[in-house]
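# Inside the fold
One-letter residues, chain by chain:
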Amino acid sequence: MNTPRFEYLPHPADVMFIAHGSTLEETFEQAAQAMFGVIVHNAIREPDRSVDIELESEGLENLLYDYLSELLYLFEVDELVFSRFQVDSIEKTGSIYMLKGSASGESIDTGRHNFETEVKAVTYHQLKVEKEDGGYSAHVIVDT
Amino acid sequence: MTQKQAKDFVRKVDENIYEVPMDFQEGMRVPGRIFVSQKLMDDLETDTLRQTANVATLPGIQKYSMAMPDAHFGYGFPIGGVAAFDARDGVISPGGVGFDINCGVRIIRTDLEIGEVRPRIKGLMTELFNAIPSGVGSKSRLRVSGSELDDAFTYGARWAVESGYGVEADIEHCEDGGFIDAADPGKVSERAHKRGKPQFGTLGSGNHFLEIQEVDKIYEPGIARAYGIREGTITIMIHCGSRGAGHQICTDYLRVMEQASRKYGIKLPDKQLACAPANSREGQDYFKAMAAGANYAWANRQVITHWVRETFEKFFGRDAESLGMDLVYDVAHNVAKLEEHEIDGVKKPVYVHRKGATRAFPPGHHDVPAAYRSVGQPVLIPGSMGTPSYILHGAERAMELTFGSACHGAGRVMGRGEAKQKFRGEILEKQLADKGITVLATHPSMLAEEAPEVYKSSSEVVNVMHELHVARKVVRVKPIGVAKG
């Protein structure tokens, strides 16, 4: 796996992180990695299940909100712990952004997975996707 | 704005009352009111002041945007934020309720004396820990059908009692009878249904807990008697919410409100404050879905109560009735309610948003259960796992000062990441054991996140409400056993 390009920032109650990437796609992947880093800590074996993700949202921030919310939903409902995130494309048509990709992982095994912190939801608070030198950054606060 | 510059704006108007004036931030429609002691004011973050001011910009806000003594930086509204919006011209905002809709707390009394329980606390906690699923990824013992889930969304604790999880008196002792009648499961998405089903009957994680406590101090014997509480006995406190169902309802409607704010031309200082006019389709849809989420949480706490009773029955070899395991009260922390309040001498309907705040209705209020009406509603304020919790009663100035609201807990002062670096779960467990507190958790790092030091002093917070006569101290309880998710 590539070196993580995200960092956690101090917050009194919730978890705040900033993810970077040389492309929008990579930035989204890093944000997903950061969010799952909050939920679970430990050696996940080679992923054996993969889910396709296709989303359409108005605005880039909404797309990130929807993307991370979708992953949380799949985690809880399909009981999948994700360890790899692939965003193949983020395309813009007018004000609509479309994301195509997949997430891979394995079924929840409470005996083996070390769950750390429950992430209740992604918030809109200070949610930002910005262009920066050499790529993009995403600033996210998740409710824990 | 620096911390000092921000605080220079704030003016002390009375003991424990500070005002954030309207020139603090552009667009404020009313001033902010912060109910804190001098010490708590010194510790308050600028961001909390800013969030209180942000709320004051929303259309239809009445009197003040308020922050309770345990207030801290959240998202949208501060945690500990209270605001009332005109039911006709005001707004409803999911950011004023939070993701964990009706995260709340209940307390069960018992006739068990501390001497009967303390020597066996480890065994009891282990049984409770096994009986009540907790932690991330835990699975419920409950298997409900789609229509049962809809009934829980519609009828809350009443559904649970009618399905065999509790007794009629439990419902009478819940805020609003354990359900909001505006709920409509048809406004709850398929996704929220799907997240709610497997988690129904689970405690959750984070600050949620189940605690066995010793009643160690009585401030108001007459009122304590009305609540059925005797010194030296044990009580059980349950703190949890609407789990994934509520989180998803908020997630879904935040997106709806984001569009609605633009549609209705509401200028927002923070996107997390997305809202819609209370009487719009979007506003009412959210209110009906939020009510369903709140009802799910009441049903959840009721089912867990039933399992707690079962566990005690098995453990002590006596039935719950002979153990005197009556529900004292159940309060919601994160909820919006349609209530009638007197504003500038006129009674009018308002949507009161309480985010990390507890309702605290005074003596004589018709929404207080008949048995407690003469003394006021029980107000339950949990401490952290090593510090006392309090039972207060809604007092005479609550309606005038806070729309009948009080604080909801101690309030965090330290982030989870920092706490995990600073504390070690295993050491904390030992320190708490030395103080006579047995703690069980699904993971030691969970204990570090919830270390007593990461919270403000519950006594300091409670004293502010007490001194203001918003909610007055009745009983103090101390933890002897804690189960954390």
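Residues numbered from 1 in each chain as written. Chains lettered and ligands numbered in written order. Predicted model: local features only at pLDDT ≥ 70, side-chain atom pairs only at ≥ 80, totals over all residues. Heavy atoms only, no water.

## Looking at the side chain of Gln302 of chain B
Note that Gln302 of chain B resides in helix α12 (residues 281-316). Judged by its relative accessible area of 0%, Gln302 of chain B is buried. (Helix = DSSP H or I, 4+ residues; strand = E, 2+ residues; numbered from the N terminus. Buried < 20%, exposed > 50% of the residue type's maximum accessible area, 1.4 Å probe, protein only.)

## With respect to the confidence of the model for chain B
When the pLDDT values of chain B are averaged, the result is 95; 100% of them are 70 or greater. Across the assembled chains, the prediction reports ipTM 0.92 with pTM 0.96. (pLDDT = per-residue confidence, 0-100.)

## Thoughts on the nonpolar core
Across soluble globular proteins, nonpolar side chains show a tendency to be buried alongside one another. Residues and elements named next belong to chain B. Residues Leu210, Ile212, Val308 and Phe312 are the most contacted members of the largest nonpolar core, which totals 71 residues. No other element matches the 17 residues that α12 contributes to this core. When sequence neighbours within four positions are dropped, the list of residues in contact with Phe312 reads Leu112, Leu124, Leu128, Ile212, Ile234, Ile236, Gly317, Arg318, Leu323 and Met325. (Core = buried A, V, L, I, M, F, W, Y, C linked by side-chain atoms within 4.5 Å. Contact = heavy atoms within 4.5 Å.)

## Let's talk about the packing of aromatic side chains
Following the criterion strictly, the structure yields 22 aromatic pairs over all chains and no others. Where Tyr75 of chain B meets Phe99 of chain B, the ring centres are 5.4 Å apart and the plane angle is 50 degrees; that geometry is what we call tilted. Of this pair, Tyr75 of chain B sits in strand β4 (residues 65-75) while Phe99 of chain B sits in the loop between β6 (91-92) and β7 (104-113); the two residues are 24 residues apart in sequence, bridging distant segments of the chain. Here Tyr75 of chain B matches Phe99 of chain B in class, with each residue buried. Centre to centre, the rings of Tyr227 of chain B and Tyr372 of chain B are 4.9 Å apart; their planes meet at 75 degrees, and the pair counts as edge-to-face. Taken together, the residues span a long stretch of sequence, with Tyr227 of chain B in the loop between α10 (221-226) and β9 (233-240) and Tyr372 of chain B in the loop between β14 (357-359) and β15 (378-381) at a distance of 145 residues. Its relative accessible area of 2% is what places Tyr227 of chain B among the buried residues. What makes Tyr372 of chain B buried here is its relative accessible area of 2%. Ring-pair connections join several aromatic residues into one group, and the members of that group are Phe36, Phe75, Phe82, Phe85 and Phe115 of chain A. The lysine or arginine in question, Arg33 of chain B, covers the ring of Tyr64 of chain B, its NZ or CZ lying 4.1 Å from the ring centre. (Phe/Tyr/Trp six-rings, centres within 6.5 Å; stacked < 30°, edge-to-face > 60°. Lys NZ or Arg CZ within 6 Å of the ring centre and 35° of its normal.)

## Observations regarding the interface of chain B and chain A
Each partner contributes residues to the interface: chain B has 41 residues there, and chain A has 34 residues. Contact between chain B and chain A buries roughly 3,400 Å² in total, counting both sides, with carbon and sulfur atoms accounting for 50%. Of all residues in chain B, the largest losses of buried area upon contact with chain A belong to Val136, Arg195 and Arg255 of chain B, amounting jointly to 19% of the total for that side. If you look at where chain B meets chain A, you find eight salt bridges. Ionic pairing is found between Arg262 of chain B and Glu58 of chain A, a salt bridge with its closest N-O pair at 3.7 Å. At the junction of chain B and chain A, the tally comes to 21 residue pairs in polar contact (both at pLDDT 80 or more). The set of elements that each furnish at least two residues to the side of chain B that touches chain A consists of β4, α9 (190-199), α11 (243-263), α14 (416-422) and α16 (444-449) of chain B. Per-class residue counts for the side of chain B that touches chain A are eight nonpolar, 17 polar and 16 charged. (Buried area = accessible area lost by both parts, 1.4 Å probe. Salt bridge = Lys/Arg side-chain N within 4 Å of Asp/Glu carboxyl O. Polar contact = N/O pair within 3.5 Å; in protein donor to acceptor, adjacent residues only side chain to side chain. Nonpolar A, V, L, I, M, F, W, Y, C, P; charged D, E, K, R; others polar.)

## Here's the deal with the pairing of strand β4 (residues 80-93) of chain A
As a general feature of sheets, a regular strand has side chains that alternate between the two faces. Residues and elements named next belong to chain A. Relative to strand β5 (residues 96-107), β4 runs antiparallel, the two being bridged by twelve bridges. Each bridged residue has a counterpart across the sheet, and for Ile90 the counterpart in β5 is Leu99. In this antiparallel pair of consecutive strands, β4 and β5, the connection spans two residues, and Gly94 shows a positive phi of 65 degrees. (Pairing = 2+ DSSP bridges.)

## Focus: the environment of Tyr165 of chain B
Residue and element names in this part refer to chain B. Here Tyr165 is to be found in the loop between α7 (157-162) and α8 (168-172). Since its relative accessible area comes to 19%, Tyr165 is described here as buried. Apart from residues no more than four positions distant in its own chain, Tyr165 is found in contact with Leu142, Trp159, Ala160, Gln302, Val303, His306 and Trp307.

## Observations concerning helix α2 (residues 60-77) of chain A
Residue and element names in this part refer to chain A. Over its 18 residues, α2 runs 25 Å from end to end, which matches the ideal 26 Å to within 8%, given 1.5 Å per residue. Within α2, 16 of the 18 residues are buried, which leaves the element mostly enclosed by the surrounding structure. Directly after α2, the chain includes Glu79, whose backbone phi takes a positive value near 55 degrees. (Expected span 1.5 Å × (residues − 1).)

## Focus: the side chain of Ser57 of chain A
In this fold, Ser57 of chain A is placed in strand β3 (residues 49-58). In terms of polar contacts, Ser57 of chain A uses its side chain to reach the side chain of Asp66 of chain A, at 2.6 Å. Excluding residues within four positions of it along the chain, Ser57 of chain A makes contact with Asn62, Leu63, Asp66, Ser95, Ile96 and Tyr97 of chain A together with Arg255 of chain B.

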